[in-house]
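The chain contents come next:
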Amino acid sequence: MNPELTTTRSYRGMSQEERRADRKARLIAAAIAVYGERGYHQATVKAVCEAAGLTERYFYESFANSEALLIDSFNAVTYSVLDEITQAAREAERGRIARSRAMLHAYFAALQREPQSARVFLVEIRGVSRAVDQAFDGALRAIGHEVARIVAPPGAPDDELLQAGVVGGVIHIALRWIDKGYAPDIEQVVDTALRLGMVLSAPQGRGRAAA
């Protein structure tokens, strides 16, 4: 039998690769829901598979272990939020401060909208393993670069250390906000984070942002 035919044969309009990708996406969606409900450390592979409507053999088709699923779930949530904040920047009024405020509001609103996922992917994820920590760091680098691209003045250097400081600082504000039960109100939190975020939008050599 031609092996190429067996890998491309369709079932209900989906090829083998499409079915595999669909199962992986279902497992990631189920993991996000289960982690949010139970926490990562209390979530079993069996529970995730049951939520996805799949058997455990399909889990190991896509993931080497539960940490690999956690990383993919973290990336799915993180980059979805990144899409939200960049969309908010595109829809904001002109000016770097307006874009910065819109992005921060979208970020904190996403955390408040999904408090259980926020706790899992900001709090519980720390220290799970070196691979998970590396995924977290990689996401922070990507976010810092993208935010700087949107709000930094034209010609500003790509300062990775500054980006790390600002993004890390905003995350620590978010962690404290989560710990305090999402108090004070979101507008006050955005104002606080904006004072930090304005460092990225300030012209080089000056201490305040240009609108």
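Residues take numbers from 1 onward in each chain, read along the sequence in its written order. Since the coordinates come from a predicted model, pLDDT governs what is reported: local features require at least 70, and pairs of side-chain atoms require 80 or more to be given and counted, while whole-chain, interface and lining totals use all residues. Note: side-chain values were computed over all heavy atoms of the structure, leaving out hydrogens and water.

**Describing the packing of helix H2 (residues 16-38) against helix H5 (residues 66-91)**
It is the contact of H2 with H5, at a shortest axis distance of 9 Å, that shows an interaxial angle of 85 degrees. Considering their axes alone, H2 and H5 lie roughly perpendicular with respect to each other. Note on element contacts: H5 touches H2 through Ser66, Leu69, Leu70, Asp72, Ser73, Ala76 and Val77, opposite Lys24, Leu27, Ile28, Ala31, Ile32 and Tyr35. A breakdown of the residues in the contact of H2 with H5 according to their chemical character gives 9 nonpolar, 2 polar and 2 charged. Axes, fitted as lines to C-alpha atoms, cover a helix only where it is in contact. Angles between the N-to-C directions of the axes lie from 0 to 180 degrees. For the purposes of this entry, the term helix denotes a DSSP run of H or I that reaches at least four residues, the term strand denotes a run of E that reaches at least two, and both are numbered from the N terminus. Every angle not falling under 35 degrees, over 145, or within 65 to 115 is termed oblique; those three ranges are roughly parallel, roughly antiparallel and roughly perpendicular. The contact criterion used is simple: two residues touch if any of their non-hydrogen atoms lie within 4.5 Å. When residues are sorted by character, Ala, Val, Leu, Ile, Met, Phe, Trp, Tyr, Cys and Pro go into the nonpolar class, Asp, Glu, Lys and Arg into the charged class, and all the rest, Gly among them, into the polar class.

**Thoughts on the nonpolar core**
The nonpolar side chains of a soluble globular protein tend to be buried, and buried together. Nonpolar cores were defined as sets of buried Ala, Val, Leu, Ile, Met, Phe, Trp, Tyr and Cys residues, with membership established by side-chain atoms within 4.5 Å. Three labels apply to residues, based on accessible area from a 1.4 Å probe with only protein chains included: buried if under 20% of the type maximum, exposed if over 50%, partly exposed otherwise in between. Counting 63 residues, the largest nonpolar core has Tyr35, Tyr107 and Phe108 as its most contacted members. Setting aside chain neighbours within four positions, we find phenylalanine 108 in contact with Val170, Ile173, Ala174, Trp177, Ile186, Val189, Val190 and Ala193.

**Quick word on the packing of aromatic side chains**
A pair of Phe, Tyr and Trp rings is counted when the ring centres sit within 6.5 Å of each other, with Trp represented by its six-membered ring. The angle between the planes then sorts it: under 30 degrees is stacked, over 60 is edge-to-face, the rest tilted. Scanning all chains against the criterion turns up 9 aromatic pairs. Taken together, a centroid distance of 5.5 Å and an interplanar angle of 90 degrees make the contact between phenylalanine 108 and tryptophan 177 edge-to-face. Residue phenylalanine 108 is found in helix H6 (residues 96-113), and its partner tryptophan 177 is found in helix H9 (residues 160-179); the two are separated by 69 residues along the sequence. A relative accessible area of 0% places phenylalanine 108 in the buried class.

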